[in-house]
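Here is what each chain is made of, one letter per residue.
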Amino acid sequence: MSEDIKNRIDKLVKEINFHNNAYYVKSAPVISDFEFDQMLKELEQLEHDYPQFASANSPTKRVGGDITKKFESVTHEFPMLSLSNTYSEDEIKDWVVRIKKLSEEEITYVCELKYDGVAIGIRYKNGELERAVTRGDGTQGEDVTTNVKTIKTVPLTLHTETPAEFEIRGEIFFPLENFSKLNKLRAEAGEELYANPRNTASGTLKSQDSKIVAERGLDCYLYGVYGYDLNFTSHSEAVKTAGEWGFKIPDSNKRMIENCKTIEEIMDFISYWDKNRFQLPFEIDGVVIKVDNYDQQEQLGFTAKSPRWAIAYKFKAEQVSTRLNEVTYQVGRTGAITPVANLEPVLLAGTTVKRASLHNQDQIEKLDLHIGDQVYVEKGGEIIPKIVGVDMSFRSKADGVVEFISHCPECGTELIRKEGEAQHFCPNEIGCPPQIKGRIEHFISRKAMNIDGLGPETIDALYNSHLIENYADLYDLTFSQIVSLERMADKSANNAMASIEASLATPFEKVLFALGIRHVGETVAKKLARHFKNIDQLAAATFDELIAVNEIGEKIAIAIQSFFQEEKNRIIIERLKNVGIHFEIEVVENASNTLKGQTFVISGVFEKVSRNELKELIEKNGGKNTGSISAKTNYLVAGENMGPAKLDKAQKLGVKIISEDDFLTMIEN
Ligand code: IVH
């Protein structure tokens, strides 16, 4: 009986691995998703019922769930070197000439893509994935095996004849489609977007919860095989054989060329990918040229840091020149003015660019911008392109110099620029439409009153129909007023009404944040609420009383006082009080004293609770939150993407590092 079960498990593992490879590596599925899921479910059930037969490399590990508390440091058997880099085609030519001089034989080269991700070394023993380690400092890296096992294109078990022991190296990266899906979800949840796929891949790989890694859909290309008895004579042979073993290697001869013998062929590869890299479903930051033959590689040897037999050509951040048609100015919620360059639309890094950020007046002056200038636009790792210079050979065709505006483009009020500040402001807080709408949008936002039945378009429509002029007006709205807006269905109007009603329960500290007092962010609002207990005491506080509060400086104190000096603001607060909004702190009994005397630092992003909820839970259970790790810290609650510096410091100081789940278990008890 148990023999039958074991055989069935082995058979399922083999079949699932085969279909996994067909689907993810070869992109040629043989069975339907449904059939695949059925097999996986059966295996999960069997492993659950007969854990003695479950293997550490079962394909059920792909879904993740195992937690790595601490990534162990591992010394690489073969150091993970880097490549010498150049941005210059001439240097590539010089390198080829140098190599030719060093060897009498004919040299053949392999040209590959330089994947922009995180280097990984994965060891296999007797056909089983044993350990996956990051590059680290090249000598020592971190053991991220649990997380790497969730990457579908990395085989867990090799079903063909392979050397007993070897290490395969490659690059883990974030496919662009999965990266934008992740950012879309974050945008919907009101979370800050990740800036670029490379850093996010690196952060994800260090997640303590492998489930997160599994969900995000990282991928991996392999580009090198290391070991003692490998019997390969060339790099291309090793890579192609790794492909036969089930690893993901470039599947088109455009993405990897071998048998390359001339500078011209290398240059063609470089220029092809410099132009076409944006068509790839992942990011590359250059190409790598390698001497193919292993004997020749050995003859050429290494410098201290990198092999002489390989070189990377790095692409320059893509730059185009286009005409500056106009500079327009955006007015933010706080009245801050941001100049925006309106450009003649131009294709850059795969997207059409029409606008670029100009930051402030100083930036415009530094660039000495003239309307009609031909400007250089560059896209680095960031999402918004920037102007990096002017092509002076076109200057004679340009019009006048860009004069920074003196009056608000929205309400005509004269702008001010405070001493020492880079930004201009429109001081007409009360009458300037984008400031009014911006304040209402801030008021309803997730971290403030969380009125999710209203969005910026509805706020716009309500304001344009003169139904609201400030956030207190929201509470006077009727169903028929909302439903009368264009394209507003009954259901949405009901939702809006319900979420306005629900916002009455918002606690004081969030209400205080929602008011949009300058410099009063979430944390400051919390501090003020705790200290002054209610809005009346806060409004009556003197300057000295304000700055006596921990972390409240002069700038914040002035902003608070000027907010309450404004009669219109006082009237709005009275109206909000009358509809039942909380303007005093609720005396919350501690849920428990479980965490009494314990100091916590939280870092990273969490899955089950938000950072704020986590902080609240710590405080409700009698614990204390602090921002930075010190010898007094008892626990570091480590989320995803936490900074390595914090982790390092915590380890050095012997601070206990716990996961979100550990924390939740702590307070459950
Ligand atoms: S070969 C001895 N090939 O580039 C060096 N590296 O500085 C062996 N990379 O972080 C590396 N694509 O992970 C090689 N096709 C490729 C690569 C590649 C990306 C990364 C590598 C390392 C960096 C080299």
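Reading the values: the criteria
Sequence positions are assigned chain by chain, starting from 1 and proceeding in written order. Local features in a predicted model are, by the rule used here, given only for residues with pLDDT of at least 70; side-chain atom pairs are given and counted only at 80 or more, and totals for whole chains, interfaces and linings are based on all residues. To obtain the side-chain values, all non-hydrogen atoms of the structure were used and water was disregarded. Labels follow the DSSP assignment, with helices taken as runs of H or I lasting at least four residues and strands as runs of E lasting at least two, numbered in each case from the N terminus. Contacts are residue-level and defined by heavy atoms, with any inter-residue pair within 4.5 Å sufficient. Residue exposure ignores everything except the shown protein chains as possible cover, and the areas themselves are Shrake-Rupley values with a 1.4 Å probe. Charge assignment in this entry is limited to Lys and Arg as positive and Asp and Glu as negative, and neither His nor the chain termini are counted. Think of each charge as sitting on NZ of Lys, CZ of Arg, CG of Asp or CD of Glu. In these notes, residues near a molecule or strand are those with any non-hydrogen atom within 4 Å of it. As used in this structure description, the phrase polar contact means that two N or O atoms lie within 3.5 Å; if the pair is within protein, one of them must be able to donate a hydrogen and the other to accept it, and residues adjacent in sequence are counted only when both atoms belong to side chains. Following the grouping adopted for this structure description, the nonpolar residues are Ala, Val, Leu, Ile, Met, Phe, Trp, Tyr, Cys and Pro, the charged ones are Asp, Glu, Lys and Arg, and the polar ones are all others, Gly among them. When DSSP locates at least two bridges between a pair of strands, those strands are taken to pair. Surface patches are defined over residues having more than 30% relative accessible area and no salt bridge, joining like charges when they lie within 9 Å and nonpolar side chains (Val, Leu, Ile, Met, Phe, Trp, Tyr) when within 5 Å. What counts as a salt bridge is simple: a side-chain nitrogen of Lys or Arg found within 4 Å of a carboxyl oxygen of Asp or Glu. Burial status follows relative accessibility: with a 1.4 Å probe on protein chains alone, a residue under 20% of its type maximum counts as buried, one over 50% as exposed, and anything between as partly exposed. Of all possible arcs, the one meant is that of the directions from the helix axis to the C-beta atoms. Note on aromatic pairs: the rings of Phe, Tyr and Trp (six-membered ring only in Trp) are paired at centre separations within 6.5 Å, and the planes decide the class, stacked below 30 degrees, edge-to-face beyond 60, tilted for the rest.

Participant: Lay out the overall build of the protein chain in plain terms, naming residues and giving numbers.
Facilitator: For the protein chain, the helix and strand inventory stands at 24 helices and 21 strands. Projected onto the principal axes, the alpha-carbon positions of the protein chain cover approximately 85 × 80 × 55 Å. Pairs at least 24 apart in sequence give 67% of the contacts found in the protein chain among residues at least 6 apart. Total accessible area computed for the protein chain in this model is approximately 34000 Å², and 49% of it derives from carbon and sulfur atoms. Of the side-chain charges in the protein chain, 80 are positive and 103 negative, and the distance between the mean point of each set is 2 Å.

Participant: Go over the site of the ligand, please, and point to the residues and values.
Facilitator: Not every one of the 13 residues close to the ligand is listed here, only the nearest: Leu83, Glu112, Leu113, Glu171 and Tyr223. Separating an oxygen atom of the ligand from a backbone N or O atom of Leu83 is a distance of 2.9 Å. Between Tyr223 and the ligand, the recorded distance is 2.5 Å, taken from a side-chain N or O atom to an oxygen atom. Its free accessible area being 530 Å², the ligand has 89% of it covered by the protein chains. Secondary structure elements with two or more residues in the shell around the ligand: strand 3 (109-115) and strand 10 (284-291). For the shell around the ligand, the element with the most residues is strand 3, which contributes four residues. Broken down by class, the residue content of the shell around the ligand amounts to eight nonpolar, one polar and four charged.

Participant: Which residues make up the sheet that holds strand 3, and what values go with them?
Facilitator: Taken in spatial order, the five strands line up as 2-11-10-3-9 in an open sheet, and their pairing is mixed. The open sheet has two edge strands with one neighbour each: strand 2 (85-86) and strand 9 (256-260). In this structure, strand 3 lies alongside strand 9, joined through three bridges in antiparallel fashion. Note on strand 9: the bridge partner recorded for Glu112 is Met256.

Participant: I'd love a proper account of a negative patch on the surface, names of residues and values included.
Facilitator: A contiguous patch of negative charge, built from Glu89, Asp90, Glu91 and Asp94, is present on the exposed surface. Note that Asp90 resides in helix 3 (residues 89-102).

Participant: Explain the pattern of salt bridges to me, using residue names and the numbers behind them.
Facilitator: Where charged atoms from two side chains of opposite charge come close, those side chains can pair. Counting across every chain of the model gives 29 salt bridges. The shortest N-O distance in the salt bridge between Glu15 and Lys11 comes to 3.2 Å. With a gap of four residues between them, Glu15 and Lys11 both fall in helix 1 (residues 2-25), about one helical turn apart. Ionic pairing is found between Glu112 and Lys290, a salt bridge with its closest N-O pair at 2.8 Å. In this pair, Glu112 sits in strand 3 while Lys290 sits in strand 10, placing the two residues 178 residues apart along the sequence. Assessed through its relative accessible area of 7%, Lys290 is described here as buried.

Participant: Report on helix 13 (residues 456-464), specifying residues and quantitative values.
Facilitator: All buried positions along helix 13 are accounted for by Thr458, Ile459, Leu462 and Tyr463. End-on view of helix 13: buried residues confined to an arc of 135 degrees, all on one side of the axis. Where helix 13 terminates, the next one or two residues include His466, which has phi positive at roughly 60 degrees.

Participant: Quick rundown of the packing of aromatic side chains? Include the residues and the values.
Facilitator: In this structure the tally under the stated criterion is 27 aromatic pairs. Taking 5.7 Å as the distance between ring centres and 70 degrees as the angle between the ring planes, the aromatic pair formed by Phe174 and Phe179 counts as edge-to-face. With respect to burial, Phe174 and Phe179 carry one shared label: buried. Measuring from ring centre to ring centre gives 6.1 Å for Phe232 and Trp245, while their planes differ by 45 degrees; the resulting arrangement is tilted. Highlighted residues: Phe232 in the loop between strand 8 (219-226) and helix 8 (235-245) and Trp245 in helix 8, separated in sequence by 13 residues. Trp245 matches Phe232 in its accessibility class, with the two residues each being buried.

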